[in-house]
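One letter stands for each residue in the lines below.
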Amino acid sequence: AQRVTQPEKLLSVFKGAPVELKCNYSYSGSPELFWYVQYSRQRLQLLLRHISRESIKGFTADLNKGETSFHLKKPFAQEEDSAMYYCALRGGGSNYKLTFGKGTLLTVNP
Amino acid sequence: NAGVTQTPKFQVLKTGQSMTLQCAQDMNHEYMSWYRQDPGMGLRLIHYSVGAGITDQGEVPNGYNVSRSTTEDFPLRLLSAAPSQTSVYFCASSKPGLAYEQFFGPGTRLTVL
């Protein structure tokens, strides 16, 4: 079974402060991990995926297989980063299903 | 391209009523799925389809039916609505090779009284 845990329902930081959204997973094989974001009154959209090792909107996430984690980080939060963030896992092979965590609502205060 | 479209945007039902949530995509995506989003529960997969004529159950399929007669459309049917089905429903689609990048619709907010 595959499982994604986001331990924080709510996270509040001030503008310019570093932010880290935690994500831990459980999967027996080699998973693919992703972060999706939902801004207010917008559709859920892909933010980044571990396989591309890219930085999007200043966010990065490193897959740590030893700790089974995929935390999302940004060194200096901006007010426009306020949104709901979901960590998601896809099992290997032809498994198309995405398993989402429960989400973390990030609020960046001015 | 309109991407993934969902109708209606809002719906109120009485317990026991039936209805169909519509989902369509114009990107020729083979994979389509339905999720429900509930506070504190995240997104949970209801049903999914890997192509026309092929559907399978997700994590919370009870009370819902789906069919996939065309590549473009993937309707979700509530046979006898219950208050526990009050939720926001999202449809998503993706290409097989890029299954991880799912494109989401705007959602349907359903209330069952």
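A short tour of the structure in this document, coming up. Since this is a predicted model, take the numbers as computed values, not measurements.

Re the packing of aromatic side chains
- Per the stated rule, a full pass over the model turns up nine aromatic pairs over all chains.
- With a centroid separation of 5.6 Å and an interplanar angle of 50°, the aromatic rings of A:Phe59 and A:Tyr85 are classed as tilted. Of this pair, A:Phe59 sits in the loop between strand S6 (45-49) and strand S7 (60-61) while A:Tyr85 sits in strand S9 (residues 83-90), and the two are 26 residues apart along the sequence.
- Exposure remark for A:Phe59: the relative accessible area of 0% places this residue in the buried category.
- Considering the side-chain rings of A:Phe100 and B:Tyr35, the 5.4 Å spacing of their centres and the 90° angle between planes classify their relative orientation as edge-to-face. Here B:Tyr35 lies in strand S4 (residues 31-38) and A:Phe100 lies in strand S10 (residues 98-100), a pairing that spans two chains. One exposure class covers both A:Phe100 and B:Tyr35, and it is buried.
- Through pairs of rings, three or more aromatic residues link up here, namely A:Tyr36, A:Tyr86, A:Phe100, B:Tyr35 and B:Phe104.

Each value, and the rule that gives it
Residues numbered from 1 in each chain as written. Chains lettered and ligands numbered in written order. Predicted model: local features only at pLDDT ≥ 70, side-chain atom pairs only at ≥ 80, totals over all residues. Heavy atoms only, no water. Phe/Tyr/Trp six-rings, centres within 6.5 Å; stacked < 30°, edge-to-face > 60°. Helix = DSSP H or I, 4+ residues; strand = E, 2+ residues; numbered from the N terminus. Buried < 20%, exposed > 50% of the residue type's maximum accessible area, 1.4 Å probe, protein only.

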